[in-house]
Amino acid sequence: MAITILAPAPAEPIYREVDPSEDSDNGGADLEGDHEMRPTKRAKHSTFSIVTPGEVVTDDAQWMRGHGTYIQPGSTEIIATVAGTIQKTNKLLSVRPLRARYTPEIGDLVVGRIMEVQSKRWRVDVGAPNLADLPLAAINLPGGILRKRTETDELEIRTFFSEGDLLVAEVQSLRQDGSASLHTRSLKYGKLRNGVFMSVTGTGGGGGVVRARRQVWTIDTMHGGGKVDVILGVNGYIWISKHIEVAGGETAITRMEESISATVYSSQNEYIGPETRTEISRIKGVITLLVEQGFRVDEDMVMKGYEAAVTVDDEDLGETNVYLGGAKGKKVVDLLSEK
Amino acid sequence: MAPQSLQQILLSPAELSYLHTSLSSNPPIRPDGRTATQFRPLIAESDILPGTNGSARICFADGTEAVVGVKAEVERSSGISRDVDGEGEGEEGVKKGRNEWVEISVDIPGERDDDSNPIFLAAVLSEALLADGEFVERLWINRHFHWRLYLDVLLLSPPLSYPLPLLSLTTHLALLTTRLPKLLSEKDEDPLFSDDWDASEPLYHPPHTSHPPITLLVMAVQETIIFDPSKEELAVADAVLAVSLSESPTSNSSSQDTEMEMDVEGGKKRNLRLLAVRTIDPPSRLTHKGLANKVNTATGGTAQKNLEDGGGDGEEGVWCPPRGGAKRGLIKEMIGRVLERGGVGEEVLDGLCGAEL
């Protein structure tokens with residue numbers, strides 16, 4: 001069947017009441033708050049804890065206001081400014097938005113897309129409210145040795161990055177308005193090629209990419225796919241690409257820059273076999289599924305999801321189809337929830 | 001010329017090249033792993049608006065959602081023109097419809113009513129609906145009155161991908177559920193209708209009348225033909241067609257291919273009819289060419305001296321925007337894939353029939 005048409009299902013409650021006994025994957029923080037306290041304050045919303053902007057969260061003076069709330073001068077009422085769930089940390093009350101744009105923080109690994117080229121810098125879309133900056137001084141110039149940038153580099157700024165190019169970078173500093181300044185001064189960072197881009201919700205609310213120990217890793221794929229790199233940008237932008245071995249493996253550490261920099265600004269793809277492309281599609285499908293189901297997206301979950309997807313696909317004898325919609329996606333989710 | 005109706009999305013040359021190579025390989029490897037003819041699952045419901053004669057809502061998997069409402073109104077036919085153009089006017093039972101009796105308006109968030117995009121979409125939808133001329137005949141009440149049909153097509157979400165198939169499928173479902181009150185008066189009396197809504201008559205009654213039309217988006221990358229393209233896939237398309245088709249009522253006159261009828265399981269046979277084809281400008285033509293390593297100064301190459309020498313054209317892994325039009329054979333093949341027996345058109349119609357509950 002080429003097309004599946006489903007009847008609409010009633011909306012599932014996104015936020016269930018969490019039993020105090022079952023520790024969900026919120027990293028220990030109790031998102032739902034103190035159960036025994038709520039009935040006195042928000043009796044009518046005790047079963048469904050989403051607040052909307054303007055809603056009075058509490059009028060008890062014992063709470064301090066946190067992110068996503070405000071107090072009108074001369075009153076003790078804490079009012080929500082975003083739609084989301086209430087989060088209580090000791091006596092600090094904040095509202096965690098259901099959906100939010102990415103707020104850059106120093107040291108974040110982000111994937112971005114060049115939107116504008118200016119005379120000495122690029123403007124990069126990282127999914128934040130403002131475009132981020134990438135100054136020409138903050139990239140590794142080709143030619144091996146670290147050198148001073150020259151006027152020629154300024155004139156040739158589009159040979160490094162031009163509009164639409166994707167790059168992986170690190171947030172170097174933040175400005176007053178919350179916009180970020182990026183840098184790519186490392187061999188890990190730079191232009192992206194040999195793969196596909198996808199964008200999911202970043203750190204903010206719901207499922208999505210969470211800050212983790214490792215944002216970049218290599219998957220040894222099944223079915224002869226070879227090695228595939230996954231870069232999970234903290235901003236929710238994801239890059240999945242074929243792993244490229246550094247040429248001449250035994251290069252001395254001092255010469256590494258030289259050998260890598262030859263292709264660092266290339267926009268020509270290497271040869272990528274159909275098996276690798278299929279596995280890249282599969283990984284992309286797994287991440288889409290994780291986000292749809294509201295799971296967090298990190299190395300652990302992606303690896304588990306990938307294994308589950310391969311298992312489910314192998315059970316189906318006959319044609320291999322990596323599309324994870326409908327029944328197959330459900331099986332993968334079931335496998336994931338078991339673990 | 002058709003308006004630039006496909007949204008340009010910014011992709012890097014490396015991404016475009018990756019997508020293009022993946023899609024043009026055989027079998028195509030789509031970024032979400034679907035097969036070439038597989039559609040994304042969609043959520044549909046009909047009869048959702050109580051104040052309309054028929055309505056439907058469809059949610060696509062990419063998050064786009066549309067609502068269609070059909071309202072019918074009795075209108076006095078302008079008698080003069082009818083007297084002028086009809087010689088068969090005196091005869092009883094001659095039904096004549098006019099295209100103005102159907103009004104389609106498309107509303108897309110963030111776009112004005114008189115923008116080219118909604119107007120183009122409304123034109124494609126009405127073109128398919130009016131193509132057979134048989135539909136408007138059903139709006140005829142008597143010599144002095146007719147139904148006027150308003151189709152309000154509302155896209156609820158921002159247009160993430162090209163919304164034409166979504167709008168068309170929703171319109172199809174809405175028209176299938178459209179019911180008109182039963183006529184009690186006779187002949188050329190002023191029309192009087194039954195109050196009983198249960199006695200109302202459906203506008204389309206599939207086994208007896210034709211199906212409402214559907215418009216499908218088909219795209220080609222080199223030799224590969226792909227259905228239900230996503231936004232990224234459209235970005236590398238060589239050619240994009242909007243194919244409108246409908247099903248003729250099953251008639252006994254087509255008895256010459258009874259043997260072929262037997263082959264189809266369950267004796268079910270669909271008589272597909274091509275109504276209209278529109279080409280849509282693929283956005284890939286407006287992209288920039290990728291630079292091959294050997295002409296890229298940042299990768300140790302030497303800059304291209306003059307434009308004539310091509311500079312790495314046709315090199316593997318370098319994006320090169322499509323030039324020239326689609327081949328005749330390819331267009332024919334794309335249309336054929338929709339209409340062929342057991343092809344995508346039939347499957348989509350089957351799916352839609354199963355959907356209305």
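See the structure shown above.
So, here is what we can say about the structure in this document. (Residues numbered from 1 in each chain as written. Chains lettered and ligands numbered in written order. Predicted model: local features only at pLDDT ≥ 70, side-chain atom pairs only at ≥ 80, totals over all residues. Heavy atoms only, no water.)

**A word on the interface of chain A and chain B**
Interfaces are often described in size by the accessible area the parts lose on coming together.
Right, on to step 1. Listed by partner, the interface residues are 44 residues for chain A and 45 residues for chain B.
Right, on to step 2. Together, the buried faces of chain A and chain B total about 3,800 Å²; carbon and sulfur atoms form 57% of this surface.
Right, on to step 3. Counting across the chain A and chain B interface gives one salt bridge.
Right, on to step 4. Here R113 of chain A ties to E15 of chain B by a salt bridge, and the two come within 2.9 Å at their closest N and O atoms.
Right, on to step 5. If you look at where chain A meets chain B, you find nine residue pairs in polar contact (both at pLDDT 80 or more).
Right, on to step 6. Of all the secondary structure elements, the ones that give two or more residues to the side of chain A that touches chain B are strand 1 (5-6), strand 9 (109-117), helix 3 (157-160), strand 15 (195-199) and helix 5 (274-292) of chain A. (Contact = heavy atoms within 4.5 Å. Buried area = accessible area lost by both parts, 1.4 Å probe. Salt bridge = Lys/Arg side-chain N within 4 Å of Asp/Glu carboxyl O. Polar contact = N/O pair within 3.5 Å; in protein donor to acceptor, adjacent residues only side chain to side chain. Helix = DSSP H or I, 4+ residues; strand = E, 2+ residues; numbered from the N terminus.)

**Observations concerning the nonpolar core**
Right, on to step 1. Counting 81 residues, the largest nonpolar core has V102, I104, V106, F135 and V348 of chain B as the members making the most contacts within it.
Right, on to step 2. Those residues within four positions of I104 of chain B in sequence are excluded, and the remaining contacts are A122, L125, S126, L129, L151 and V153 of chain B. (Core = buried A, V, L, I, M, F, W, Y, C linked by side-chain atoms within 4.5 Å. Buried < 20%, exposed > 50% of the residue type's maximum accessible area, 1.4 Å probe, protein only.)

**A short note on the pairing of strand 13 (residues 180-183) of chain A**
All names here are of chain A.
Right, on to step 1. Going residue by residue along strand 13, you find A180 and L182 tucked away on one face and S181 and H183 tucked away on the opposite face as well.
Right, on to step 2. Where strand 12 (residues 166-174) meets strand 13, four bridges bridge the pair, whose relative direction is antiparallel. Across the sheet, S173 pairs through a bridge with S181, a residue of strand 13.
Right, on to step 3. In sequence, strand 12 turns back onto strand 13 through a hairpin of five residues, with G178 there showing a positive phi of about 85°. (Pairing = 2+ DSSP bridges.)

**Points about the sheet that holds strand 19 (residues 237-242) of chain A**
Residues and elements named next belong to chain A.
Right, on to step 1. Read across the sheet, four strands follow the order 15-19-18-17 without closing on themselves; strand pairing throughout is antiparallel. Across the chains shown, the open sheet's two edge strands, defined by having one partner strand only, are strand 15 and strand 17 (216-221). For this sheet, the mean angle separating the axes of adjacent strands, direction not counted, is 20°.
Right, on to step 2. Summarising the sheet, strand 18 (residues 226-232) and strand 19 pair through five bridges and their orientation is antiparallel. Residue pairing across strands places L232 opposite I238, the latter belonging to strand 19. (Axes fitted to C-alpha atoms, helices over the stretch in contact; angles between N-to-C directions.)

**Remarks on the pattern of salt bridges**
Residues and elements named next belong to chain A.
Right, on to step 1. Counting across every chain of the model gives 29 salt bridges over all chains.
Right, on to step 2. Between E299 and R214 there is a salt bridge, with the nearest N and O atoms lying 2.6 Å from each other. One end of the pair, E299, is in helix 6 (residues 299-315); the other, R214, is in the loop between strand 16 (208-209) and strand 17, with 85 residues separating them in the sequence.
Right, on to step 3. The class for R214 is partly exposed, based on a relative accessible area of 44%.
Right, on to step 4. Of the charged contacts, one joins D313 and R282 as a salt bridge, the two residues approaching to 3.1 Å between their closest N and O atoms.

**What to know about the packing of helix 5 of chain A against helix 6 of chain A**
Residues and elements named next belong to chain A.
Right, on to step 1. With their axes 9 Å apart at the nearest point, helix 5 and helix 6 run at an angle of 115° to one another. Of the two elements, helix 5 crosses helix 6, and the hand of that crossing is right-handed. Residue-level inspection shows E279, R282, I283, V286, I287 and L290 of helix 5 in contact with helix 6, the latter providing M301, V302, G305, Y306, A309, V310 and D313.
Right, on to step 2. Its residues assigned to classes, the contact of helix 5 with helix 6 shows nine nonpolar, one polar and three charged. (Left-handed = near helix turned anticlockwise from the far one by under 90°. Nonpolar A, V, L, I, M, F, W, Y, C, P; charged D, E, K, R; others polar.)

Interpretation note: all reported values are geometric properties and have no functional meaning in isolation.
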